Amino acid sequence: RRTLPPTTFTICRADRDTHCVVDGDTFRLERERVRIERIDTPEIRPSRCPREARLGAKATERLRQLLSAGPITLVRNRRDRDRNGRLLRSVEVNGRDVGATLISEGLARPYRGRKETWCP
């Protein structure tokens, strides 16, 4: 468990950006990429349909807002990293689970071991 002070996050535009959101379930914290575990969000690059692109953009912006709202706590559970080398963590802001918030707002769903389509 690691708690970090409040930080303002932006949307990532370049590989060298820090404290920025890549998409609805991935962000950069300093030089590390962090993947929020146990959730699946719509893809933005590449999206498979216009609906997925819209939802992915909303999830990305909402994650930026949530991460910028207060101290961030990263919790390591079973695995340290995913297959892409990203830190795999549960994330809380002000004691609230970010993944659960995104799910409750319809911008994510529980991860079931594989990506599922967001397209009709």
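Fair warning: this is a prediction, and the values are worked out from it, not measured in the lab. (Residues numbered from 1 in each chain as written. Predicted model: local features only at pLDDT ≥ 70, side-chain atom pairs only at ≥ 80, totals over all residues. Heavy atoms only, no water.)

Engineer: I would appreciate a short explanation of the overall build of the protein in the present structure.
Structural biologist: Within the protein, the secondary structure is distributed over two helices and ten strands. The N-to-C order of helical and strand elements in the protein reads β-β-β-β-β-β-α-β-β-β-α-β. The globule rule puts the C-alpha radius of gyration for 120 residues at 14 Å, and the 13 Å found for the protein is close to it. Expressed along its principal axes, the backbone C-alpha trace of the protein runs to roughly 40 × 30 × 25 Å. The 120 residues of the protein split such that 45% are buried. (Helix = DSSP H or I, 4+ residues; strand = E, 2+ residues; numbered from the N terminus. Rg over C-alpha atoms; globule rule 2.2 N^0.38 Å. Buried < 20%, exposed > 50% of the residue type's maximum accessible area, 1.4 Å probe, protein only.)

Engineer: Help me understand the state of the cysteines, please; the structure alone is not making it clear to me.
Structural biologist: Here a disulfide denotes one covalent bond, and it connects the sulfur atoms of two cysteines. Scanning the model with the defined rule gives two disulfides in all. With a sulfur-sulfur separation of 2.0 Å, Cys12 is cross-linked through a disulfide to Cys20. For the disulfide bridge between Cys12 and Cys20, the dihedral angle about the S-S bond is near 90°, and by the sign convention the bridge is right-handed. Of the residues examined, Cys12 reaches a relative accessible area of 8% and is grouped as buried. We classify Cys20 as buried; its relative accessible area is 0%. (Disulfide = S-S within 2.5 Å.)

Engineer: What should I look at first to understand the environment of Gly113 in this one?
Structural biologist: Among the secondary structure elements, Gly113 is positioned in the segment after strand S10 (109-110). For Gly113, a relative accessible area of 54% translates into the label exposed. Between the alpha carbons of Gly113 and Arg28 there is a distance of 23 Å; along the sequence they are 85 residues apart.

Engineer: Would you mind going over the pairing of strand S7 (residues 72-75) with me for this structure?
Structural biologist: Side-chain direction in a regular strand flips from residue to residue, so the side chains alternate between the two faces of the sheet. Burial of the side chains of S7 extends over both faces: Ile72 and Leu74 are buried on one face and Thr73 and Val75 on the other. Inspection of the sheet shows strand S1 (residues 2-4) paired to S7 by three bridges, in the antiparallel sense. Paired with Arg2 across the two strands is Leu74, which belongs to S7. (Pairing = 2+ DSSP bridges.)

Engineer: When you look at the pattern of salt bridges in this model, what are you seeing that I'm missing?
Structural biologist: Opposite charge on two side chains permits them to pair, given that their charged atoms come into close proximity. For the coordinates displayed, the defined rule picks out 16 salt bridges. Between Glu30 and Arg2 there is a salt bridge whose closest N-O contact spans 3.8 Å. Of the two residues, Glu30 sits in the loop between strand S4 (26-29) and strand S5 (32-36) while Arg2 sits in strand S1, which places them 28 residues apart along the sequence. Residue classification places Glu30 among the partly exposed positions, given a relative accessible area of 42%. Through salt bridges with shared partners, one network takes in Asp25, Arg35, Asp40, Glu43, Arg109 and Lys115. (Salt bridge = Lys/Arg side-chain N within 4 Å of Asp/Glu carboxyl O.)

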